[in-house]
Amino acid sequence: MHKSKEFIGNDISKKVFDVWSEKWGYKQFKNTSEGFSAFLLLLTSQSWCVMEFTGSYYHQLALFLHDNDVAVSVVNPLVIKRFIQMKLQHNKTDKSDARMIVRYAKEQPLSLWKPQPQYIRDCKDLHTVISLYHKQRTALKNKLHSFVDQGLKGKVVTSVKRHIRQLDAEIKLLESQLETIIKTHEQELLSNLLSIPGLGRKTAILLIVCTNGFKTFENSRQLSAFFGLSPVIRASGSSVRGKTRISKRGNPMVRNHLFMCSFTAYSKNHQCKALYERIVNKGKSKKLALIAVTNKLLAQSLAIAKSGVRYDPDFKSVNPSNNFSF
């Protein structure tokens, strides 16, 4: 616990952010540079600002405070929500939320927030737009199939086809820009990841972007949970025996890319092939085996990122407890 710190809860929305402190109570500021500066005047060297991860709204304030040497923590909003429910708090206002964030900070351990490098933020913006274009293209292709099945022709079909070609061109352009940025800043890591049999170029680039070069992960279990590939077991007593499934949290595009890579990996990657055959030979489904292969690819990627060496099919970890074995 950081008893000497003065925790300040920040509840942020699009136009304003509400703050609460035990020292000076409740205040509200505009979510602008002028509002940030006014808020900064109230802070001291002992101030520790705590806020929720609220899409893009929190980022500018967190970055401003970090640049001005103010301690900042960003917490998952679901964690705060569950904490409020646990405390049997029924009021739901910006003021009460800011106050409960302070209460959470006083009772739970916090980690300091650090902004990601600018090139990672640029890559994430590109990735967001690429994902949007992929969704639009899928919707248009589905509509095109519907038109074809109905036997429709003419300007409507021509327009949809033209729009799909435009989206294909934009996706290709943005993916090229994304790859150029990664090659500029993470060329060695990208080359090392591409040495893993079965891991494709697009998947490797997405992994680097979404994990900040694997810098924020300590073991493969964390990485698997982050991408929604960890199993969720539903069982209670003697009556509830739910089917075990993956959580499917995190980035669906990365998860889909990894799953597609698993088809190549289980035939060309020796470790993945052995894992796949072991699971199938036990009578488990092939889909379950492929999911295990995707997790193996993540473990291999993390091991390579941490060690800084290329893939070696004959590599054996010296330390049995080492989390970074291939």
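Attention in this report is confined to the structure presented alongside it.

Basis of the calculations
- Residues numbered from 1 in each chain as written.
- Predicted model: local features only at pLDDT ≥ 70, side-chain atom pairs only at ≥ 80, totals over all residues.
- Heavy atoms only, no water.
- Helix = DSSP H or I, 4+ residues; strand = E, 2+ residues; numbered from the N terminus.
- Buried < 20%, exposed > 50% of the residue type's maximum accessible area, 1.4 Å probe, protein only.
- Contact = heavy atoms within 4.5 Å.
- Disulfide = S-S within 2.5 Å.
- Pairing = 2+ DSSP bridges.
- Axes fitted to C-alpha atoms, helices over the stretch in contact; angles between N-to-C directions.
- Salt bridge = Lys/Arg side-chain N within 4 Å of Asp/Glu carboxyl O.

## Focus: the overall build of the protein
Okay, step 1: For the protein, the helix and strand inventory stands at 11 helices and nine strands.
Okay, step 2: Per-residue burial for the protein yields a buried fraction of 40% across its 326 residues.
Okay, step 3: For the protein, long-range pairs separated by at least 24 residues make up 57% of all intrachain contacts whose partners lie at least 6 apart in sequence.

## Some remarks on the state of the cysteines
A covalent bond between the sulfur atoms of two cysteines is what we call a disulfide.
Okay, step 1: Taken as a whole and assessed by the stated rule, the structure comprises zero disulfides.
Okay, step 2: Free of any disulfide, cysteine 210 has its nearest neighbouring cysteine sulfur in cysteine 123, separated by 9.9 Å.

## Some thoughts on the sheet that holds strand β1 (residues 6-12)
Okay, step 1: Spatial ordering of the open sheet is given by β3-β2-β1-β4-β5, a layout of five strands whose pairing is mixed. Of all the strands in the sheet, the pair left with one neighbour each is β3 (25-30) and β5 (71-75). Strand-to-strand twist in this sheet, taken as the mean axis angle between neighbours without regard to direction, amounts to 25 degrees.
Okay, step 2: Sheet contacts for helix α2 (residues 57-67): β1, β2 (16-21), β4 (47-52) and β5; angle to β4, the most-contacted strand, approximately 165 degrees.

## Comments concerning the pattern of salt bridges
Okay, step 1: Counting across every chain of the model gives seven salt bridges.
Okay, step 2: The partner of lysine 106 in a salt bridge is glutamate 22, with the nearest N and O atoms 2.7 Å apart. Residue lysine 106 is located in helix α4 (residues 94-107), and its partner glutamate 22 is located in the loop between β2 and β3; the two are separated by 84 residues in the primary sequence.
Okay, step 3: For the salt bridge of glutamate 175 with lysine 202, the shortest nitrogen-to-oxygen distance reads 3.4 Å. Remark: lysine 202 occurs in helix α7 (residues 201-211) and glutamate 175 occurs in helix α6 (residues 155-193); sequence separation between them is 27 residues.
Okay, step 4: Judged by its relative accessible area of 48%, lysine 202 is partly exposed.
Okay, step 5: Through salt bridges that share partners, Glu179, Lys183 and Arg201 make up one connected network.

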